[in-house]
Amino acid sequence: MTHSTLLQPTDEIRQALADGKPVVALESTIITHGMPYPDNVATARQVEADIRERGAIPATIAVLDGRIRIGLDDADLERLAQATDVMKCSRADLALAISTGRPGATTVAATMMAAELAGIRVFATGGIGGVHKGAETSFDVSADLDELGRTPVCVVAAGAKALLDIPKTLEVLETRGVPVVAYGADELPAFWSRQSGVAAPFRLDTAEEIANLIKTRQLFGGHGGVLIANPVPTDDQIPQAEMNQYIDQAIAMATKKKVTGKEVTPFVLGAIYELTKGRSLATNISLVRNNARLAADIAKALA
């Protein structure tokens, strides 16, 4: 199997990449592990529409029938959203999903890998994984951080997921040489909240400035990604003090039920959805759409 047989882009995306048009990668775990059906399909379609409205082409990435699909049509999206035995693919699992033929939804790390292979330079997601609270004893650190250190893709996210240890996540990203840039803000966002209490290492205010940073980094070679932390729109945020109470309750529930490893984040997100009576999902949808719009603007500025 070669790269060309590994990847299966849609005709539209293949042509767009050949013509140097702006393309934005999208992950698929938000469809399979991040939201309930049918909100997941509706959000995926809405995010793709947001990217098109900004003049770029969306490329939702997933593993289906032993190939990495770069772009999904409506039927594939529906099939993935309703599939039951979908692997949650990070770097360690991607080849396994392809070789066994199991359907796989890509996390931040796996989407970055696939995007780079396909020649896509900008990727929009909700939030990245990071260092879990208590990682000094559990060693639970997301593969997303290593991927950002190694794979040259610009990731637009609303910061790290707020249930993580944000200061430790920032430390690991600094060690990996990843520039963490807050968009139009001096403080890092915390996913559902605009504030985290952690100062942003860098701030840039336009998509053109971000594109210039990416182009300049590429001159060095051997560099990894860039993380753009884009705060959720003010009207849709859940303030940090309120959100922290829900997160603490949800993590306590996970600990009590002995939930570990990859299952922690989906469990905690589900518990937070219940505790907030659905508000967290509305905020999640808003921030993903907001990130997609900014990613499209960056992709256009790069093109």
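The structure this text deals with has already been given above.
An account of the accompanying structure is given in this report. A quick note: this is a predicted structure, and the numbers were derived from the prediction, not measured.

Let's shift gears to the nonpolar core. For soluble globular proteins, nonpolar side chains are generally found buried alongside one another. Membership of the largest hydrophobic core comes to 106 residues, with the highest contact counts inside it found for Ile 68, Ile 70, Ile 128, Trp 192, Leu 227, Ile 228 and Ile 298. Here this core gets 10 residues from one element, more than from any other, and that element is helix H14 (residues 279–302).

Two quantities define a packed helix pair, namely the angle between the axes and the distance from one axis to the other. At a minimum axis separation of 8 Å, helix H4 (residues 39–53) and H14 run at an interaxial angle of 25°. It follows from the interaxial angle that H4 and H14 lie roughly parallel. As H4 packs across H14, the resulting crossing turns out to be right-handed. From H4, Asp 39, Thr 43, Gln 46, Val 47, Asp 50 and Ile 51 reach across to H14, where they touch Leu 281, Ile 285, Val 288, Arg 289, Ala 292, Arg 293 and Ala 296. By residue class, the composition of the contact of H4 with H14 is 7 nonpolar, 2 polar and 4 charged.

Our next topic: the environment of Ser 99. Within the secondary structure, Ser 99 is located in helix H6 (residues 91–100). Along the sequence, Ser 99 and Ala 254 sit 155 residues apart, while their C-alpha atoms lie 32 Å from each other. From its side chain, Ser 99 meets the backbone oxygen of Leu 96 in a polar contact 3.2 Å long.

Taken N-terminus to C-terminus, the directions of helix H11 (residues 207–218) and H14 make an angle of 60°; their axes are 8 Å apart at the nearest point. Comparing the axis directions of H11 and H14 gives the class oblique. The handedness of the crossing between H11 and H14 is right-handed. Of the residues in H14, those touching H11 at Ala 207, Glu 208, Ile 210, Ala 211, Ile 214 and Lys 215 are Asp 297, Ile 298, Ala 301 and Leu 302. Each residue belonging to the contact of H11 with H14 can be placed in one class, and the counts come to 7 nonpolar, no polar and 3 charged.

This part takes up the pattern of salt bridges. Counted according to the given criterion, the structure contains 18 salt bridges. Arg 52 is paired through a salt bridge with Glu 12; the nearest N and O atoms lie 2.8 Å apart. Here Arg 52 is found in helix H4, whereas its partner Glu 12 is found in helix H2 (residues 11–18), with 40 residues between them in sequence. Residue Arg 52 is classed as partly exposed on the basis of its relative accessible area, which comes to 42%. On the basis of relative accessibility, which here comes to 37%, the residue Glu 12 falls in the partly exposed class. Look at the salt bridges and you will find they share partners, linking Asp 65, Arg 69, Asp 76 and Arg 79 into a network.

Attention now goes to the pairing of strand E8 (residues 154–157). On E8, burial covers both faces: Cys 154 and Val 156 on one face and Val 155 and Ala 157 on the other are all buried. The sheet contact formed by strand E7 (residues 122–124) and E8 spans 3 bridges and is parallel. Directly across from Ala 124, in E8, lies its bridge partner Val 156. With 4 bridges connecting them, E8 and strand E11 (residues 226–229) associate as parallel partners. The residue of E11 that forms the bridge with Val 155 is Leu 227.

A word on helix H12 (residues 240–256). The end-to-end C-alpha distance of H12 is 24 Å, a good match for the 24 Å that 17 residues give at a rise of 1.5 Å each. The complete set of buried residues in H12 reads Met 243, Tyr 246, Ile 247, Ala 250 and Ala 254. Looking straight down H12, one finds that the buried residues subtend no more than 100° of arc, so they occupy a single side. With respect to the buried face of H12, the exposed residues turned more than 90 degrees away are Ala 241, Gln 245, Thr 255 and Lys 256. Of the surrounding elements, those touching the buried residues of H12 are helix H13 (264–275) and H14. One or two positions beyond H12, positive phi appears at Lys 258, with a value near 60°.

The rules behind the values
- Residues numbered from 1 in each chain as written.
- Predicted model: local features only at pLDDT ≥ 70, side-chain atom pairs only at ≥ 80, totals over all residues.
- Heavy atoms only, no water.
- Core = buried A, V, L, I, M, F, W, Y, C linked by side-chain atoms within 4.5 Å.
- Buried < 20%, exposed > 50% of the residue type's maximum accessible area, 1.4 Å probe, protein only.
- Helix = DSSP H or I, 4+ residues; strand = E, 2+ residues; numbered from the N terminus.
- Axes fitted to C-alpha atoms, helices over the stretch in contact; angles between N-to-C directions.
- Parallel < 35°, antiparallel > 145°, perpendicular 65-115°, else oblique.
- Left-handed = near helix turned anticlockwise from the far one by under 90°.
- Contact = heavy atoms within 4.5 Å.
- Nonpolar A, V, L, I, M, F, W, Y, C, P; charged D, E, K, R; others polar.
- Polar contact = N/O pair within 3.5 Å; in protein donor to acceptor, adjacent residues only side chain to side chain.
- Salt bridge = Lys/Arg side-chain N within 4 Å of Asp/Glu carboxyl O.
- Pairing = 2+ DSSP bridges.
- Expected span 1.5 Å × (residues − 1).
- Arc of directions from axis to C-beta.

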